[in-house]
Number of protein chains: 2
Amino acid sequence: VTRADAARGAGRHRVVIVGCGFGGLFAARALKRAPVDVTVIDRTNHHLFQPLLYQVATGILSEGEIAPAIRDVLRRHRNVRVRMAEVTTIDVGARTVTSVQRGEERTTPYDSLIVAPGTHTSYFGHDEFAQWAIGLKSIDDALEARGRIIEAFELAESEPDPDRRATLLTFAVIGAGPTGVEMAGQIIELSRRALRHNFRTIDPAAARVLLFDAGPAVLPFFGERIGAKTERNLSRLGVEVHLGAAVTGMDEDSLTIALGDGTSETFAAHTKVWAAGVTGSSLGRQLAAASGGTLDRLGRVPVQDDCTLPGHPEVFVIGDLMALGDLPGMAEVAMQSGRHAARTIVARLDGKPDTPLHYRDLGSMATISRFSGVAAIGPVRLTGFVGWVLWLVVHITFLTGFKNRVSALARWTISFVGRGRSERTITVQQVLARQAVAAREAAERAARGGQSP
Amino acid sequence: VTRADAARGAGRHRVVIVGCGFGGLFAARALKRAPVDVTVIDRTNHHLFQPLLYQVATGILSEGEIAPAIRDVLRRHRNVRVRMAEVTTIDVGARTVTSVQRGEERTTPYDSLIVAPGTHTSYFGHDEFAQWAIGLKSIDDALEARGRIIEAFELAESEPDPDRRATLLTFAVIGAGPTGVEMAGQIIELSRRALRHNFRTIDPAAARVLLFDAGPAVLPFFGERIGAKTERNLSRLGVEVHLGAAVTGMDEDSLTIALGDGTSETFAAHTKVWAAGVTGSSLGRQLAAASGGTLDRLGRVPVQDDCTLPGHPEVFVIGDLMALGDLPGMAEVAMQSGRHAARTIVARLDGKPDTPLHYRDLGSMATISRFSGVAAIGPVRLTGFVGWVLWLVVHITFLTGFKNRVSALARWTISFVGRGRSERTITVQQVLARQAVAAREAAERAARGGQSP
């Protein structure tokens, strides 16, 4: 892509960005003063601050605080247009992106393309788990999880049968990465602190929280020492941690795991949260096919060291959908790859050569409960209160928008220093949406069953 | 109901409260130190601060800020149990209330009953309007309205046809009482201020906001002077006010009104909000039948001057479902009648005689836009900035929960002094729920049509 290419169109170089998570947003921002026209296309109207999604799921933050409107975040970027639509086709030959909004298709041409649609929940071949175990990838997921968790306590309070009551008060979290650990910790906080004095029949503090992972460690990404320490901390809080435990089956009120020794075990648990796995957006398959390659085993698109699609230097695949070396799917990688793609486009317009992405590892962190966090920054490991303070500072700093920073800080004061959870509303729409989704999925399963019996 | 009656049961006098709006909540609170066992049954898990619902619908407040969990609000009331279930039957002969939770029925006996289920949106015989004109009675309504309003701007931004774009940017509010006036004012604020710089194709400030009312005045309840002044203020803001205009038809993109002179007019308008009318909960019909009476024309239950059902001194009907003299359906009436019912129950236990409800009119107020409000307190009329400050003070004072007061004040600073709206998230569940509801209603209409062709 050269200046000559750019001049092909009527005007300026056209950049299309698919998806406005951390990768897409940082790419759009890095193009602020560039002589390009940017179109950001996202399925939703909001940029999602995914690392705090579990806090919406447990009633600490409201949806607006972690999901500001994309066009508001980018309002000062006069060269950016935002379109809320679902991208269905990327034609790297014709250099167009087709997107659908309320059934109406539109084709958007590009000179450079940045693909950053992220991932969605993967149930590892058990798609039927979706109806019982809610994933945690979108605002809808978080509100649905919140509704189910709060509702489980409501149902338990009314339940005369003690066994069924215990089942309703058992919460299973599948996956012991940061999201799973944070969810398990926050459900414990909710049951032990926030809901105190709220019930008359049940004791919410009697709720069981189970954390399962097929792997041998909690927070594997943070190294052995932090994993072991986090496991001890979770146990002390009351979370029952089951490692080497692959979930092989579930239904409305139970969950079955296979253990390494060939035996299996079934737990009665009504509410289940799936934080075990993700797979790349389905757009990845189109891109991999177009470049003559295949997806990696996580459903990601292998790219060159400058984040471009092999054979298509004008197409960048960034963030969680990008397979580059051993870079993990995390916010920091998405931000840096997004910025790199944007800078590469600008450099090319200036006739400068491409450079590879040099990822600077700024560390990882997670909270276990209030006042207790872990952080891995290069060789340094921080745990306990120090880890928590660092987590707090980093998340407040990175949260999108000054207003959201102030209001998240206020909410955290309320829920960590105080006792309450401000956001506990169960909506009727959730129940209706759940029914609609279940009906649709059942129909889809039936249709699939019909095709390949 | 005497001490002897109370002793019938195994223990203390049992009070059941149906519905936990202002009436139910104030009744439960007033029973705090009374020697009674209270059961509060509500369809939802939250107490709704309805006067601020329009602020959730326009992205200023989050749902948790005006809808705290009932059991959290009442957690210090050790004699109160809360049950989230839908009351289906009140048997005043057997003195029981039947409620359903997730398909499971339960019957709760009472010695005294306080019925406070409120009202729901009435489309004045045009039930088919429900699919196009969203009411404003519940958190779900408000989130749905928010999603539709924000989405209309998104659709307009992508729309190539200028006529259709204008239709998408036209918002019709039906009903010029406080809710309608406040909605119209806030949609104007949203389009003129909050969304500024957010769009590239459309100018959000070009949005049209239409306000319709079948009656001759805006805010009829506040008197002629305030009505006229509010109408002028709304016009100056950009709201097109149409009085004496009864809505006779609508579809997805238009709305037809009949004018007093026999003519009719059709407006192209995609988004419609219905703030025109309410009707009493369907429980009212059971109660009226049980007392050998009928509902009034607003679907409310006529009661004695002590808020009890004729012939059933142990049954109180309070709040918006109560028809007593010319008391209107407003928060203040609900609070005072709830408190009165509770105090009457306590007085009876002490062997004291019943007293009639003496309603003290503390006035009414509404906001037109930021920094501009109206208040009618006895003979005093306040308008403009003074009216707005009074509105602010009163609403902050009455909002349930200290934390919600602080956080609402912060949000108001953001949206009135600043420019932004913090809560603009459109969820996918809303779309799914809308489809589910539409499908169900279509099926119901078809079924009704089949029965009476």
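Everything quoted here is computed from the prediction, not taken from an experiment.

**Q** Even after reading the chapter, I still don't get helix 11 (residues 331-349) of chain B, so can you show me in this structure?
**A** An α-helix turns once every 3.6 residues. As a result, residues three or four positions apart point the same way. All names here are of chain B. Taking 1.5 Å as the rise per residue, helix 11 with 19 residues should run 27 Å; its terminal C-alpha atoms sit 28 Å apart, in good agreement. Within helix 11, 15 of the 19 residues are buried, which leaves it mostly tucked inside the rest of the structure. Backbone geometry just after helix 11 places Gly351 at a positive phi near 75 degrees.

**Q** When you look at the pattern of salt bridges in this model, what are you seeing that I'm missing?
**A** Close approach of charged atoms allows side chains of opposite charge to pair. Residue and element names in this part refer to chain B. Counting across every chain of the model gives 38 salt bridges over all chains. Here Arg12 ties to Asp37 by a salt bridge, and the two come within 3.2 Å at their closest N and O atoms. Linking Arg12 in the loop between helix 1 (3-8) and strand 1 (13-18) with Asp37 in strand 2 (residues 36-42), this pair joins segments that are 25 residues apart in sequence. Arg12 gets classed as partly exposed once you look at its relative accessible area, which sits at 38%.

**Q** Sorry, what's going on with the confidence of the model for chain A here?
**A** Reading fine detail from the predicted coordinates is not recommended where pLDDT is low. All names here are of chain A. In the predicted model, chain A carries a mean pLDDT of 90, and the fraction of residues at 70 or more is 92%. Note on residues 1-9: pLDDT under 50 across the span, and 15 contacts to partners over four residues away in sequence or across chains. Across the whole predicted complex the pTM is 0.91, and at the interface the ipTM reaches 0.90.

**Q** Teacher, can you tell me more about the interface of chain B and chain A here?
**A** One frequent convention defines the size of an interface as the accessible area lost when the parts assemble. Taken together, the contact pairs 66 residues of chain B with 66 residues of chain A. For the pair chain B and chain A, the summed buried surface comes to about 5800 Å²; carbon and sulfur atoms form 43% of the total. At the junction of chain B and chain A, the tally comes to twelve salt bridges. Those elements that place two or more of their residues in the side of chain B that touches chain A are helix 4 (63-66), helix 5 (70-73), strand 3 (80-84), strand 6 (104-109), helix 6 (139-158), helix 13 (402-417) and helix 14 (428-451) of chain B. The element contributing the most residues to the side of chain B that touches chain A is helix 6 of chain B, with eleven residues. Considering only residue class, the side of chain B that touches chain A consists of 20 nonpolar, 17 polar and 29 charged.

**Q** Where do I start with the packing of aromatic side chains in this structure?
**A** Pairs of aromatic rings are described using the distance from one ring centre to the other and the angle between the two planes. Residue and element names in this part refer to chain B. If you walk through the whole model with that rule in mind, you get 23 aromatic pairs over all chains. Considering the side-chain rings of Phe371 and Trp388, the 5.1 Å spacing of their centres and the 80 degrees angle between planes classify their relative orientation as edge-to-face. Placement of Phe371 in the loop between strand 22 (364-369) and strand 23 (372-377) and of Trp388 in helix 12 (residues 384-398) is noted, with a sequence separation of 17 residues between them. Overall, the relative accessible area of 30% leaves Phe371 in the partly exposed class. For Trp388, a relative accessible area of 8% corresponds to the buried category.

**Q** Explain the sheet that holds strand 15 (residues 264-268) of chain B to me, please; I cannot follow it from the model alone.
**A** Strands belonging to one sheet form pairs held by backbone hydrogen bonds; the direction of such a pair is parallel or antiparallel. Residues and elements named next belong to chain B. A sheet is described by the order of its strands in space; here three strands give the open sequence 13-14-15, paired in antiparallel fashion. Unpaired on one side and paired on the other, strand 13 (245-251) and strand 15 mark the two borders of the sheet. Ignoring strand direction, the axes of neighbouring strands in this sheet form an average angle of 25 degrees. Two strands pair when backbone bridges link them, and strand 14 (residues 254-259) and strand 15 are joined in this way by five bridges, in the antiparallel orientation.

Basis of the calculations
Residues numbered from 1 in each chain as written. Chains lettered and ligands numbered in written order. Predicted model: local features only at pLDDT ≥ 70, side-chain atom pairs only at ≥ 80, totals over all residues. Heavy atoms only, no water. Helix = DSSP H or I, 4+ residues; strand = E, 2+ residues; numbered from the N terminus. Expected span 1.5 Å × (residues − 1). Buried < 20%, exposed > 50% of the residue type's maximum accessible area, 1.4 Å probe, protein only. Salt bridge = Lys/Arg side-chain N within 4 Å of Asp/Glu carboxyl O. pLDDT = per-residue confidence, 0-100. Contact = heavy atoms within 4.5 Å. Buried area = accessible area lost by both parts, 1.4 Å probe. Nonpolar A, V, L, I, M, F, W, Y, C, P; charged D, E, K, R; others polar. Phe/Tyr/Trp six-rings, centres within 6.5 Å; stacked < 30°, edge-to-face > 60°. Pairing = 2+ DSSP bridges. Axes fitted to C-alpha atoms, helices over the stretch in contact; angles between N-to-C directions.

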